[in-house]
Each structure stands twice: as structure tokens, then as C-alpha cells.
Amino acid sequence: MAGRPLTYDHLKSRKKPTVSRLPLCLDSDVADKLRTAEVEEVLAREAANERPQDRQEQIKLSDAQDALQAAREAAEQETVVFVFKSIGRPRWDALLDEHPATSKQRDELRKQGVTGDLNYNADTFPQALVAASLTDPALTEDEVNDMFNSEEWNSGELTGLFETALMVNQQRRVVNLGKDLTKTSNSNGNSTTAAQPASPIATS
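Just so it is clear, the structure is predicted and the values come from calculations on it, not from any experiment.

Rules and cut-offs
Residues numbered from 1 in each chain as written. Predicted model: local features only at pLDDT ≥ 70, side-chain atom pairs only at ≥ 80, totals over all residues. Heavy atoms only, no water. Phe/Tyr/Trp six-rings, centres within 6.5 Å; stacked < 30°, edge-to-face > 60°. Helix = DSSP H or I, 4+ residues; strand = E, 2+ residues; numbered from the N terminus. Buried < 20%, exposed > 50% of the residue type's maximum accessible area, 1.4 Å probe, protein only. Expected span 1.5 Å × (residues − 1). Contact = heavy atoms within 4.5 Å. Polar contact = N/O pair within 3.5 Å; in protein donor to acceptor, adjacent residues only side chain to side chain. Arc of directions from axis to C-beta. Core = buried A, V, L, I, M, F, W, Y, C linked by side-chain atoms within 4.5 Å. Pairing = 2+ DSSP bridges. Axes fitted to C-alpha atoms, helices over the stretch in contact; angles between N-to-C directions.

### What to know about the packing of aromatic side chains
At step 1: Throughout the structure, instances matching the rule amount to 5 aromatic pairs.
At step 2: Residues Tyr-120 and Phe-162 carry aromatic rings whose centres are separated by 6.1 Å and whose planes lie at 90° to one another, so their mutual orientation is edge-to-face. One end of the pair, Tyr-120, is in the loop between β3 (117-118) and α6 (125-133); the other, Phe-162, is in helix α8 (residues 155-170), with 42 residues separating them in the sequence. The burial state of Tyr-120 is the same as that of Phe-162; both residues are buried.
At step 3: Each ring, one from Phe-125 and one from Phe-162, has its centre 6.3 Å from the other, and the planes form 85°; the classification is edge-to-face. One end of the pair, Phe-125, is in helix α6; the other, Phe-162, is in helix α8, with 37 residues separating them in the sequence. Pair check on accessibility: Phe-125 and Phe-162 agree, each one buried.

Shown next as C-alpha cells:
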């Protein structure tokens, strides 16, 4: 493609929506057992390396490795990979318009001495964006709202879903060919660089 100007039709045919994935284990007990098995395997491996001639330490390492593999398999069974796809600028802007910050939220921000304005309603926009961007599992906004208001999903998990939805809609693809691209014509590349999530606060 070098040396030939690209047309819009060519760009349109090649451009694909950004996709991001977030694996979450739905059973915290299973996740805890996996973390414990990982630690025990590391300790057993260190002990076995320090005493390579000690048969008991080698047996302990083998047992720890078997336990780790079993814990990983159990965790995999309880893990769901949430798949997000960018929704495009028009729909993104529409969601922001549908979920503006409230006067109360703006007043609270000013009381905290923060300058600027809120980009969105932090009580409703996260759920709307997650529902709009999530392709698998396919959930309605009501179902996502139910997740955000349930006792089963903690703040860290829900924040992870929202941040992934933010990133998939604010990620940019750039190429890194190890040379100055400003001095070269159109080239192909697959490198991806993620922009930082936009702050909910808009500065003037």
C-alpha cells in the first residue's frame, strides 16, 4: 500500500470496532482457592530448588503443581469473559446526552473544590455504557442495572466492567514500525495503544 493514497472506501472496509475482554470469576471461593494454590506452588518450588536432593520436597512440589492445575481448571469453569465492543462516536455522544450530571452532583463537586464540570451522571451512565458496549454476555440495561444494585457484585468488579467499557470506546490504534511515520506514506501495522479513560470531569 506504500505510495498509494488510501480512499475512504478502503478505510471503511478495513476499519473494525475496538474489542476488549475482561475475565471475571463468578465464585469468590474458587478464586481464593486458586490464589492459595498459586502461593503454595511458589513456596514448594522454592523449597524444592533449595533442596533438589530432598525427595520429600520434590513430592511436595509435584502435589502443589497438581493442586494448582486443579484449581485453575475449577476457576476456568467459574469464569466468564465479558466482551466489549466500541459503540462509535454518535452513539457515545447520545449516551452522554441521555445521562447528564445532575445539579446536585455538580453542586457536590463544587463543594469539594473541584474545578470543571461533570461529563456524565455517575449514577446512571456506567450502567448504560456497559449495556451498550457489552456483546457477550448480551445483557439489557435493566439487567446491568440489576447487577449494579445487587449484593453479589462488589464495587471492584463493577468498576472493572465500567472501566473496560470506557477503554473500548476511548482506545486508539497506532502503528509502531520503529521509524518516523511522519516521513513515510501509508503503512500497515497491528500495534494497539490504549488512551487513558476520559475523566468524568470536563475542564474548561
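### Structural notes on the environment of Asn-49
At step 1: As for its position among the elements, Asn-49 is in helix α2 (residues 28-50).
At step 2: The class for Asn-49 is exposed, based on a relative accessible area of 58%.
At step 3: A sequence separation of 12 residues divides Asn-49 from Leu-61, and the C-alpha atoms of the two residues are 9.7 Å apart.

### Thoughts on α8
At step 1: Compared with the 22 Å implied by 1.5 Å per residue over 16 residues, the 22 Å span of α8 between its first and last C-alpha is a close match.
At step 2: Residues Leu-158, Gly-160, Leu-161, Phe-162, Thr-164, Ala-165, Leu-166, Met-167, Val-168, Asn-169 and Gln-170 constitute the buried set of α8.
At step 3: Next to the buried residues of α8 lie β1 (19-25), β2 (79-85), α4 (89-98), α6, α7 (141-148) and β5 (172-173).
At step 4: Taking the backbone nitrogen of Gly-156 as reference, a side-chain oxygen 3.0 Å away marks Asn-154 as the first, capping residue of α8.

### Description of α4
At step 1: Of all the positions in α4, only Trp-92, Leu-95 and Leu-96 are classed as buried. On an axial view of α4, the arc spanned by its buried residues comes to 100°, and they lie on one face. Exposed residues on α4 whose side chains face more than 90 degrees from its buried face are Pro-90, Asp-97 and Glu-98.
At step 2: Among the structural elements, α6 and α8 are those in contact with the buried residues of α4.

### Focus on the nonpolar core
At step 1: Among the nonpolar cores identified, the biggest contains 26 residues, and Phe-84, Phe-125, Leu-129, Val-130 and Leu-161 are the most heavily contacted of them.
At step 2: Listing elements by their share of this core, those giving two or more residues are β1, β2, α4, α6, α7 and α8.
At step 3: In this structure Phe-125 touches Trp-92, Leu-95, Leu-96, His-99, Tyr-120 and Phe-162, once residues within four positions along its chain are discounted.

### Re the sheet that holds β1
At step 1: Here we have 3 strands laid out as an open sheet, ordered β1-β2-β4, and antiparallel in their pairing. Since the sheet does not close on itself, it has two edges, and those belong to β1 and β4 (134-136), each with one partner. Adjacent strand axes in the sheet meet at a mean angle of 35° when their direction is disregarded.
At step 2: The pairing of β2 with β4 spans 2 bridges and is antiparallel. Pairing of Phe-84 across the sheet is with Leu-134, part of β4.
At step 3: Sitting on the sheet, α6 touches β2 and β4, and the angle it makes with β4 is about 45°.
At step 4: Packing against the sheet, α8 makes contact with β1 and β2, and its axis sits at approximately 170° to β1.

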